[in-house]
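Listed below are the residues making up each chain.
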Amino acid sequence: MGAVTISPDDVSCAIRTAQNWKSPGPDGLHNFWLKWFRCSHSCLAAQFQQALELGSPPPSLTTGVTFLLYKSGSTTEAKNYRPITCLPTLYKLLTSILRAKINAHIVANNILASAQNGCRVGSRGTKELLLIDMTICQQIRRNRGALSAAWIDYKKAYDSVPHSWLERILELYKVDTALRAFLSACMRQWTTVLRQPGGGDESPGPQDFIRIERGIFQEGIRRSVKERFFSRLTKVLNSLLSGGNKVRAFNAWVMPLLTYSFGILRWTQTELDALDRRVRSLLTTHRMLHPRSSVMRLYIPRKCGGRGFLNAKDLHNREVYNLRNYFLNNECGMHRDVVAVDRNLTPLSLANENWRKPVVLSTADRKAAWESKVLHGRFYKALTGPDVDLLASVNWLRFGDLFGETEGFACAIADEVMMTNNYRKYILKDGTVDICRACRRPGESLRHIISGCSHLANGEYLHRHNLVARIIHQQLALLYGLVDREVPYYKYSPAPVLENGRATLYWDRSIITDRTIVANKPDIVLIDRSQRRTVLVDVTIPHDENLVKAEKDKSSKYLDLAHEITAMLSTGC
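So, here is what we can say about the structure in this document. (Residues numbered from 1 in each chain as written. Predicted model: local features only at pLDDT ≥ 70, side-chain atom pairs only at ≥ 80, totals over all residues. Heavy atoms only, no water.)

Helix and strand counts for the chain stand at 24 helices and eight strands. Compactness check: the chain gives a C-alpha radius of gyration of 32 Å against a globular reference of 25 Å for 573 residues, more than 25% above the reference. When the backbone C-alpha atoms are referred to their principal axes, the chain occupies close to 95 × 65 × 50 Å. Within the chain, the proportion of its 573 residues that are buried is 37%. Entry remark: accessible area of the chain is about 33,800 Å², with carbon and sulfur atoms responsible for 54%. Counting 78 positive and 54 negative side-chain charges, the chain places the centres of these two groups 5 Å from one another. (Helix = DSSP H or I, 4+ residues; strand = E, 2+ residues; numbered from the N terminus. Rg over C-alpha atoms; globule rule 2.2 N^0.38 Å. Buried < 20%, exposed > 50% of the residue type's maximum accessible area, 1.4 Å probe, protein only. Areas by Shrake-Rupley, 256 points an atom, 1.4 Å probe, with all protein chains shown as cover. Lys, Arg positive; Asp, Glu negative; His and termini not counted. Charge placed at Lys NZ, Arg CZ, Asp CG, Glu CD.)

Moving on, we come to the sheet that holds strand 6 (residues 503–507). Reading across from one edge, 5-6-7-8 is the order of the four strands in this open sheet, with antiparallel pairing throughout. Single-partner strands in this sheet number two, and they are strand 5 (497–499) and strand 8 (533–537). For this sheet, the mean inter-axis angle between neighbouring strands, taken without regard to orientation, is 10°. Relative to strand 7 (residues 524–528), strand 6 is paired through five bridges, and the arrangement is antiparallel. Looking at the pairing, A503 lines up with D528 of strand 7. The sheet contacts of helix 22 (residues 454–479) involve strand 5, strand 6, strand 7 and strand 8, and relative to strand 6 the element is tilted by about 170°. (Pairing = 2+ DSSP bridges. Axes fitted to C-alpha atoms, helices over the stretch in contact; angles between N-to-C directions. Contact = heavy atoms within 4.5 Å.)

For the structure on display, the rule yields 13 aromatic pairs. Look at W33 and F37: their rings are 6.0 Å apart centre to centre, the planes differ by 20°, and that puts the pair in the stacked class. Residue classification places W33 among the partly exposed residues on the basis of a relative accessible area of 39%. On the basis of relative accessibility, which here comes to 48%, the residue F37 falls in the partly exposed class. An angle of 40° between the planes, with centres 6.3 Å apart, marks the rings of W370 and F379 as tilted. What makes W370 buried here is its relative accessible area of 0%. By way of ring pairs, the aromatic residues W21, F32, W33 and F37 are connected into one cluster. (Phe/Tyr/Trp six-rings, centres within 6.5 Å; stacked < 30°, edge-to-face > 60°.)

If you walk through the whole model with that rule in mind, you get zero disulfides. C439 supplies the cysteine sulfur nearest to C453, a cysteine that is in no disulfide, at a spacing of 3.9 Å. (Disulfide = S-S within 2.5 Å.)

Taken in spatial order, the four strands of this open sheet run 2-1-3-4, and their pairing is mixed. Edge positions in the sheet fall to strand 2 (81–86) and strand 4 (209–211), since each of these pairs with one other strand and no more. Along the sheet, successive strands turn relative to each other by an average axial angle of 35°, direction set aside. Bridging between strand 1 (residues 63–70) and strand 3 (residues 191–195) involves five bridges; their strand directions are parallel. Residue pairing for strand 3: T63 is matched across the bridge by T191.

On the surface, W21, W33 and F37 cluster together into a nonpolar patch covering about 370 Å² of accessible area. The residue F37 is located in the loop between helix 2 (31–36) and helix 3 (40–54) in this model. (Patch = residues over 30% accessible without salt bridge, like charges linked within 9 Å, V, L, I, M, F, W, Y side chains within 5 Å. Salt bridge = Lys/Arg side-chain N within 4 Å of Asp/Glu carboxyl O.)

Mapped onto the secondary structure, I212 falls in the loop between strand 4 and helix 8 (225–238). A relative accessible area of 18% means that I212 is categorised as buried. Between the alpha carbons of I212 and M187 there is a distance of 8.0 Å; along the sequence they are 25 residues apart.

Glancing now at the nonpolar core. Counting 31 residues, the largest nonpolar core has I6, V11, F48, L93, L98, L179 and F182 as its most contacted members. Mapped by element, the contributors of at least two residues to this core are helix 1 (8–16), helix 3, helix 4 (89–109) and helix 7 (177–189). Beyond its immediate chain neighbours, meaning those up to four positions away, I6 contacts V11, A45, F48, Q49, L52, L94, I97 and L98. Counting residues in each nonpolar core, the second largest holds 26 residues, with F229, L258, M288 and L315 among its members. (Core = buried A, V, L, I, M, F, W, Y, C linked by side-chain atoms within 4.5 Å.)

Right, let's talk about the packing of helix 8 against helix 9 (residues 243–254) for a bit. The N-to-C vectors of helix 8 and helix 9 enclose an angle of 155°; their axes lie 10 Å apart at closest approach. As far as their axial angle goes, helix 9 and helix 8 are roughly antiparallel. Helix-helix and strand crossings are classified by hand; for helix 8 and helix 9 the assignment is right-handed. Of the residues in helix 9, those touching helix 8 at F229, R232, L233, K235, V236 and L237 are K246, A249, F250, W253 and V254. The residue makeup of the contact of helix 8 with helix 9, split by class, is eight nonpolar, no polar and three charged. (Parallel < 35°, antiparallel > 145°, perpendicular 65-115°, else oblique. Left-handed = near helix turned anticlockwise from the far one by under 90°. Nonpolar A, V, L, I, M, F, W, Y, C, P; charged D, E, K, R; others polar.)

What follows deals with helix 13 (residues 312–328). Its 17 residues place the ends of helix 13 24 Å apart at the C-alpha level, agreeing with the 24 Å of an ideal helix rising 1.5 Å per residue. On its buried side, helix 13 packs onto helix 5 (125–142), helix 10 (256–259), helix 11 (269–285), helix 14 (333–341) and helix 15 (363–372). (Expected span 1.5 Å × (residues − 1).)

It is worth spelling out the environment of T17 at this point. Here T17 shows up in the loop between helix 1 and helix 2. Residue T17 is classed as exposed on the basis of its relative accessible area of 69%.

Okay, unusual backbone geometry next. Peptide bonds are mostly trans, and most non-glycine residues show a negative phi. Positive phi outside glycine occurs at K429, with the angle close to 55°. Its place among the elements puts K429 in the loop between helix 20 (421–428) and helix 21 (446–451). At D508, a position not held by glycine, the phi torsion is positive, near 55°. Tracing the backbone shows D508 in the loop between strand 6 and strand 7.

Another point: the pairing of strand 3. Across a regular strand the side chains alternate sides, sitting on one face of the sheet and then on the other. Counting buried residues in strand 3 gives four out of five residues, a clear majority hidden from the surface. Relative to strand 4, strand 3 runs antiparallel, the two being bridged by three bridges. Bridging across to strand 4, T191 finds its partner in R211.

Next up on the list: the pattern of salt bridges. Opposite charge on two side chains permits pairing when their charged atoms draw close. Here the structure, examined in full by the defined rule, presents 17 salt bridges. As a salt-bridge pair, R297 and D415 come within 3.3 Å of each other at their nearest N and O atoms. Note that R297 is positioned in helix 12 (residues 295–298) and D415 in the loop between helix 19 (404–414) and helix 20, a separation of 118 residues in sequence. The class of R297 is buried, set by a relative accessible area of 2%. Put simply, D553 and K549 hold a salt bridge, and the shortest N to O gap is 3.1 Å. With a gap of four residues between them, D553 and K549 both fall in helix 23 (residues 547–557), about one helical turn apart. What makes D553 partly exposed here is its relative accessible area of 39%. A relative accessible area of 52% means that K549 is categorised as exposed.

Written as structure tokens, this is what we have:
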């Protein structure tokens, strides 16, 4: 292997696939900052190269933090805790770069044995070996043959590897001498600090550092799968997380329990449909999903206006398809033998030439299905209209911190599945008379309740209008230094006049002009003295279908006032 040179491109490539907020070690530095502060990549590359040439890293780079996570049983016994070691972010970045260099050397010289899949890039790891083992066992059983097999399971295998053997393997694989010396120095420096459950973050003393004498410096790595899956789901739904974080917890912590079994266990399409239905039932029970809300929208990314949940059936079908392609395109002799004999021996059925690719709905497919719905599709059409900023409209889904119940209720309103008299009459067809219960006029639809009920106009509509205007007023006041601090919008009480040397801000005041202007009282008026301009702000909250019309009406309403103010500014008034 040639000498190793670490470039800024190596750093950028290694950090690109790292998880943004993965728990760091003692340095407390998250990958997010390394990923997006690109100007640091050249500096890091130079420092990594220097450490490599010196033959040893700084001690802080090879020190981890081991947390004890409680499993079950007595809390006084150490065996009932699982140790999870968090490594410094920079150490993981450096070793990721070195791993890529070593792997390129191994692949180029075809060093790694074909049967060694544990560290082979692109292999399917345990799933691949389980499918091979399943094929052999099922074929013997089907042909009523005899089979003697032995499995060797090393207890805490990673913890049992002597460092001397790691050094010998690097030598046998003819890894660069300088790199071998550097890795040997790293192993001699491997230490960790133990953190007890509930312990503080005080600085460790010299006696707190624990040497790692054997094993690999690594991060911490089935009752019924379904039972454990729904147990985790229930914990997430009962938690105090926001709606968006519950979705992220479902995707990152709950769903992976199932995905590991996809392609190994036989899941029928009916079972997967039933599982997804039960997930939706639990969401409904915890009021995160209205029973008549759009199902397609539930599995569409939040940046597109959906709820962002992963779908078990899609994940299963995609994984089965990818595993089949992996085996069918692998030239290894063992893989070809497995393909030749696998006639329904495994869930992949590799020898079946008439195998049909399972249906996997893409985001585009789900959007099309959502749009095609007569009732649910109204919101999608409004969201993707030419006069609507889609990303700004779904920011409350992407970055908001609403409770799951509130989020589900808001989505139900957007899907227009609330129990209005119009919904009862035309959707449920239960014979209800479609009369508004507030103003007693025909047509109690969501559109009528939100923006067309005369009974709500001077109360609820006015209150909503003022809350929106308060938010805008406070942000302008903060921008121009007219107020010192921000308060929650529902506690903010705008002053009629705010003024400093830079700007004047009016709240709900008439503008005095040289000639009579009928519409002379916008909600907010900002006079920016530094730029000699005046901004008129008038708030309207129309229904989606009236958005463009309402904007034009407001613009024309205050056109005379705008011209008059322009004339006054030009004359120095």
